[in-house]
Amino acid sequence: MKITNDIRYVGVNDHQVDLFEGQYVVPNGMAYNSYVILDEKVAVMDTVDRNFTHQWLDNIQNTLAGRKPDYLVIQHMEPDHSANIANFLKVYPETTVVSSAKAFTMMKQFFGDDYADRRVVVGEGDTLTLGKHTLAFVTAPMVHWPEVIVTYDVTDKVLFSADGFGKFGALDADEDWACEARRYYIGIVGKYGPQVQALLKKAATLDISIICPLHGPILTENLGYYINLYDIWSSYRVESEGIVVAYTSVYGHTKAAVELLVEKLKAKGCPKVVVHDLARTDMAEAVEDAFRYGKLVLATTTYNADIFPFMKEFIHHLTERNYQNRTIALVENGTWAPLAAKVMKGMFDGCKNLTFTDTTVRLLSALNDDSKAQIESLTDELCKDYLAQHDDTANKNDLSALFNIGYGLYVVTSNDGQKDNGLIVNTVSQVTNTPNRVAVTINKANYSYHVIKQTGIMNVNCLDVSAPFSVFQTYGFQSGRTADKFAGVEELRSDNGLRFLPRYINSFMSLKVESFVDLDTHGMFICSVTEARVMSDKETMTYTYYQNNVKPKPATEGKKGFVCKVCGWVYEGDTLPDDIVCPLCKHGAADFEPIA
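Bear in mind that the values here come from a model prediction, so they are computed numbers and not experimental data.

Undergrad: Describe in detail the sheet that holds strand β26 (residues 436-443), supporting the description with residues and values.
TA: Within the open sheet, the seven strands sit side by side as β24-β23-β27-β28-β29-β26-β25. Their pairing is antiparallel. Edge strands, defined here as strands with exactly one partner in the open sheet, are β24 (420-425) and β25 (428-433). Across this sheet, the average inter-strand angle for adjacent strands is 35°, counted without regard to direction. Note: strand β28 (residues 505-519) against strand β29 (residues 522-534), twelve bridges, orientation antiparallel. Bridge pairing in β29 places D518 opposite G523. Where helix α14 (residues 447-455) meets the sheet, it contacts β23 (410-415), β24, β26, β27 (457-463), β28 and β29, and its direction lies at approximately 55° from that of β23. Strands β23, β24 and β27 of the sheet are contacted by helix α15 (residues 469-476), whose axis makes an angle of about 120° with β24.

Undergrad: I'd like to hear about the state of the cysteines, residue by residue, with values.
TA: Applying the stated criterion across every chain, the model contains zero disulfides. The closest cysteine sulfur to the non-disulfide-bonded C179 is located on C270, 18 Å from its own sulfur.

Undergrad: Mind laying out the packing of helix α5 (residues 177-189) against helix α9 (residues 283-292), listing which residues take part and the relevant values?
TA: At a minimum axis separation of 9 Å, α5 and α9 run at an interaxial angle of 95°. Taken as axis vectors, α5 and α9 run roughly perpendicular relative to one another. Facing α5, whose interface residues are C179, E180, R182, R183 and I186, α9 presents A284, E285, V287, E288, F291 and R292. Looking at the contact of α5 with α9 residue by residue, the classes come out as five nonpolar, no polar and six charged.

Undergrad: Explain unusual backbone geometry to me, and be specific about the residues and the numbers.
TA: A cis amide bond links V143 with the next residue in sequence, H144, at an omega value of 5°. Take H144: it is sitting in the loop between β12 (134-139) and β13 (149-153). Here K157, not a glycine, exhibits a phi torsion of approximately 60°, which is positive. Positionally, K157 belongs in the loop between β13 and β14 (158-160). Since its relative accessible area comes to 32%, K157 is described here as partly exposed.

Undergrad: Requested: an account of the nonpolar core, with residues and values cited.
TA: Counting 91 residues, the largest nonpolar core has L298 and F314 as its most contacted members. If one sorts the elements of this core by residue count, α5 sits on top with eight residues. Filtering out sequence-adjacent residues up to four positions away, F314 remains in contact with A246, L278, M283, A286, V287, A290, L296 and L298. Within the second largest apolar cluster, 27 residues are counted, among which are F469, F472, F508 and Y543.

Undergrad: Report on the packing of aromatic side chains, specifying residues and quantitative values.
TA: This structure, assessed with the given rule, holds 30 aromatic pairs. Between F291 and Y323, the aromatic rings sit 5.2 Å apart at their centres with planes inclined by 85°, giving edge-to-face as the arrangement. Remark: Y323 occurs in the loop between α10 (309-320) and β20 (326-334) and F291 occurs in helix α9; sequence separation between them is 32 residues. Grouping residues by exposure puts F291 and Y323 together as buried. One aromatic cluster is present, formed by F165, W177, Y185, Y225, Y226, Y230 and W233 through successive ring pairs. Its guanidinium or amino end placed over the ring of F356, K345 lies 5.1 Å from that ring's centre, counting from NZ or CZ.

Undergrad: So, the sheet that holds strand β31 (residues 570-572): which residues are in play, and what are the values?
TA: Read across the sheet, three strands follow the order β31-β30-β32 without closing on themselves; strand pairing throughout is antiparallel. Either end of the sheet is taken by a strand with one partner, and the two such strands are β31 and β32 (592-594). Taken over all neighbouring pairs, the strand axes of this sheet differ in orientation by 25° on average, direction set aside. As defined by bridge partners, strand β30 (residues 561-564) adjoins β32 across three bridges and the pair is classed as antiparallel. From the neighbouring strand, F562 faces β32, where its bridge partner is P594.

Rules and cut-offs
Residues numbered from 1 in each chain as written. Predicted model: local features only at pLDDT ≥ 70, side-chain atom pairs only at ≥ 80, totals over all residues. Heavy atoms only, no water. Pairing = 2+ DSSP bridges. Helix = DSSP H or I, 4+ residues; strand = E, 2+ residues; numbered from the N terminus. Axes fitted to C-alpha atoms, helices over the stretch in contact; angles between N-to-C directions. Contact = heavy atoms within 4.5 Å. Disulfide = S-S within 2.5 Å. Parallel < 35°, antiparallel > 145°, perpendicular 65-115°, else oblique. Nonpolar A, V, L, I, M, F, W, Y, C, P; charged D, E, K, R; others polar. Buried < 20%, exposed > 50% of the residue type's maximum accessible area, 1.4 Å probe, protein only. Core = buried A, V, L, I, M, F, W, Y, C linked by side-chain atoms within 4.5 Å. Phe/Tyr/Trp six-rings, centres within 6.5 Å; stacked < 30°, edge-to-face > 60°. Lys NZ or Arg CZ within 6 Å of the ring centre and 35° of its normal.

Below is the structure:
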């Protein structure tokens, strides 16, 4: 096969293999790719599996047409690519082997010889000139063995990508690239996402026209498509919208619950529901789907005070490959001591950024009214975003959406000429960057609004996630007209003479008011930045973080009425007055909700 004028394909198709690496079902076989670069000097790129020694050597002999190879470049020492190094060198004893230092150590282990008398050791940034072709070497440790290098042909702009961009299936297989490449990547390389990301960053600096992997087809068109998928997979992002349901069932009761769950998921707008019976499915397919989609439901029985073996194996495959950035729901079954949900959740303890649903379904032997209600609740939770996407199921007047605006929380400080003041705000945003302009919106009822309107200066202190509730009590629940908000606080001032907080902030900005927008109940100050300091790298406190982690839970037990969502103050009564103002935080009726 001719790839460019000087590069030829000399690999082989394997239709004999049933399990790749002894575990992955490959109904359409495998391709073991090898290439020859014909120039003043000839380079052979990698070898093939040991079962195809003579076919591969025949391919090389036919391609060389009487010439002798000068170099054998070994990018990866896994035996499906390196098994014929010794056989090749017996046929072509004058060839020099080019590879990484770690690869030569592995050659000694595999073949008893590290070819010290005819080798070139290459690493990051090294090059090899063949004539008009120059090969540039890039190290790719742990993609997916530590010795891996990839090679860039500067002349023809070809990336020889080792196992990267490979897939299951022989070259003559008519199948979707993404499906089998995804299964290949997740199964074999999935653990090493950060290393793949590092390699992609290196590849981004190269002008690549063709990708030649060690498995699967040569990629010559729409390379952005393949690179984007690799970026998604290696950064553990969600590729497709949908829900995977993976289950085991002994006597059919857990399966019945799964069938009801799937029916309701589809009815509530889930765009794709993928179901795997883990005792019967291809485990690699189930793992692939768990990484492809954003939500995963795990349903299994308690078994020997643990969980059913196929489920345990499945979760192990996920955690081994750094499963993260997903939502997980749990369904457990047990007759006398259900433990499955606890065991399953515990198996994910080392994983990052996993969200477990509030609802866990518990079956006591078989479905009943309680477990059916739990399934209803779980499907509502899993499908909330899908329901909101469709006109016929969306609540178009849910004003709680306002709380999802990316509010940070800030202390704005000022001075009235006699004393320092400060207040809590959540409406600070950058409106331009040339020049830098920041908008700060403040309620006209606040004393700080009056002060800043007169002085035209303020400091915005960006609270970080370490800020305790006392900060909000100090600066948000009392008026600066009557209270000294800086009592007992270490005095630190910026160049404009105003205070900034000594703790609980990651940065502050000194602002000068340039213009003003009257918003009826509020005023928006458009400001230039006169000073900006970064105090730490701690995360900024968001409104959501404050609600979930800082604000005390309101004391509503046994009470009937309304609770302030900002501070938790309770108004007891059947009807909330329209003109109510919270006596603690001074927020109005819009920030109250009925006590559940």
